[in-house]
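# Topology and contacts: notes
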Amino acid sequence: MLELKGDERLDYLLAERLRIIQSPSVFSFSLDAVLLSKFVSVPIQKGKLIDMCSGNGVVPLLLSTRTKGSMIGVEIQERLYDMAKRSIDYNGLSGQIHMMHGDIKEIPGLLGHSKFDVVTCNPPYFPTPSKEEINQNEHFAIARHEIYCTLDDVVRTSSQLLRQGGKAAFVHRPGRLMDILSLMRKYRIEPKRLQFVYPKAGKEANTILIEGIKDGKPDLKILPPLVVYNEDHEYNPEIRRILYGEE
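Report on the accompanying structure.

The rules behind each value
- Throughout this description, residue numbers start from 1 for each chain and increase along the sequence as written.
- Local features in a predicted model are, by the rule used here, given only for residues with pLDDT of at least 70; side-chain atom pairs are given and counted only at 80 or more, and totals for whole chains, interfaces and linings are based on all residues.
- To obtain the side-chain values, all non-hydrogen atoms of the structure were used and water was disregarded.
- Among buried residues, those of type Ala, Val, Leu, Ile, Met, Phe, Trp, Tyr and Cys that are joined through side-chain atoms within 4.5 Å constitute a nonpolar core.
- Working definition: with a 1.4 Å probe on protein chains only, accessible area under 20% of the residue-type maximum means buried, over 50% means exposed, and in between means partly exposed.
- Starting at the N terminus, helices and strands are each numbered in turn, a helix being any DSSP run of H or I of at least four residues and a strand any DSSP run of E of at least two.
- It only takes one pair of heavy atoms within 4.5 Å for two residues to be counted as in contact.
- Any Lys or Arg side-chain nitrogen found within 4 Å of a carboxyl oxygen on Asp or Glu counts as a salt bridge.
- In this analysis, rings of Phe, Tyr and Trp, with Trp reduced to its six-membered ring, are considered paired at centre separations within 6.5 Å, and the interplanar angle assigns stacked below 30 degrees, edge-to-face beyond 60, and tilted for intermediate values.
- Put simply, a charge is over a ring when the Lys NZ or the Arg CZ is close to the ring centre, within 6 Å, and near the line of the ring normal, within 35 degrees.

So, on to the nonpolar core. Residues Leu13, Phe29, Leu35, Val58, Leu61, Leu63 and Leu209 are the most contacted members of the largest nonpolar core, which totals 40 residues. Taken together, the elements giving at least two residues each to this core come down to strand S2 (19-22), helix H1 (31-39), helix H2 (58-63), helix H3 (78-90), strand S5 (97-101), strand S7 (162-172), strand S11 (226-229) and helix H8 (237-244). Look past the residues within four positions of Leu61 in its chain and what remains in contact with it is Leu13, Leu18, Arg19, Ile20, Ser87, Ile88, Asn91, Leu93 and Ile97. Core analysis: the second largest hydrophobic core is formed by 29 residues, Val74, Ile104, Cys149 and Val155 among them.

In C-alpha cells form, the structure reads like this:
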C-alpha cells in the first residue's frame, strides 16, 4: 500500500504508464526535466546512468522507458529523496533505479571515478540571492538556487563520474550558456549537441539542452529549435508528442 504524506498526490507521468508522487508545497516536476529525459542519448540495453539533483525522481523514471541500463538518482533533500524512492517502488522499478540521499559533490568519492556511461542533471539555475530575495519555501529555494551546488560543481562532478567517451546532458537557462560551455571544456566534456527551447515563435529562448562527451573531439551540432506553444497558447505538436505521446 502506497503511503502519501501531507499534501502529496499520485500523478500520471504524462505519456508513460508510470505514476509519480508530487507535492505543490515541496516539489512538482517541470517541462525542463521532461525535455532533458527525451534529449539525452542513452544506451538501450545496458549501461550505468546517474541523474544528479534528481528531485522526485522524474528523470530516472522517464529514462526507464528508454533504457534497460541501471540508474542512480542523487538528491540532497531528504523529503524529495523519500518521494522519489516511494515512486520508484510503486512503479516496480527498484531493481533498475536506486536513489541516494546525499550531496552530489561527495558522490565520486562514494561510487568511484569514471564508472558511468551517462550523467544527467537539471541543476539549480540561479545564483544564491540575498536572504530577502530568496524563496521562503526551503524546498523551492534549494531546487532553484545554487545553495548546495554551483554549476561548476555540477560539471566537475559529471566529469569525475563519466568514463572516457561517456555522455553528460544538462538543461539550463540561455543566460548561462557561455558558463556551461567553458566549464564543460575545462572539465574535459566536449559539447556535442545543443538545442534551444522557445516559449513561442518570435520570443527569446528560455531553455537550453546541451550534451557533451568526455574527452570527445570538437564538433558542436545545433539542433532544430523546439517551440513550446502556438499562438493560441496550446502545445505545439512536437511538445505534445514529447509530453503525451500524441502525434
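Moving on to the pattern of salt bridges. Oppositely charged side chains can form a pair if their charged atoms are brought close together. In this structure the tally under the stated criterion is 18 salt bridges. Where Glu8 meets Arg79, a salt bridge forms, and the shortest distance between an N and an O atom there is 3.1 Å. With Glu8 in the segment before strand S1 (9-12) and Arg79 in helix H3, the pair connects residues that are 71 residues apart, well separated along the chain. For Glu8, a relative accessible area of 8% translates into the label buried. A relative accessible area of 27% means that Arg79 is categorised as partly exposed. Notably, a salt bridge pairs Arg9 with Asp11, separated by 2.8 Å at the nearest N-O pair. The exposure class of Arg9 is partly exposed, given its relative accessible area of 35%. It is possible to trace a salt-bridge network through shared partners that takes in Lys5, Glu8, Arg79, Asp82 and Arg86.

A few words now on the packing of aromatic side chains. Tallied over the entire structure, the rule returns 2 aromatic pairs. Ring plane angle 15° and centroid distance 5.1 Å describe the contact between Tyr229 and Tyr235, whose orientation is recorded as stacked. The class of Tyr229 is partly exposed, set by a relative accessible area of 23%. Where Tyr235 meets Tyr244, the ring centres are 6.3 Å apart and the plane angle is 55°; that geometry is what we call tilted. Feature note: the residues Tyr229, Tyr235 and Tyr244 constitute an aromatic cluster, connected by ring pairs. Over the face of the ring belonging to Phe116 we find Lys48, whose NZ or CZ atom lies 5.1 Å from the ring centre.

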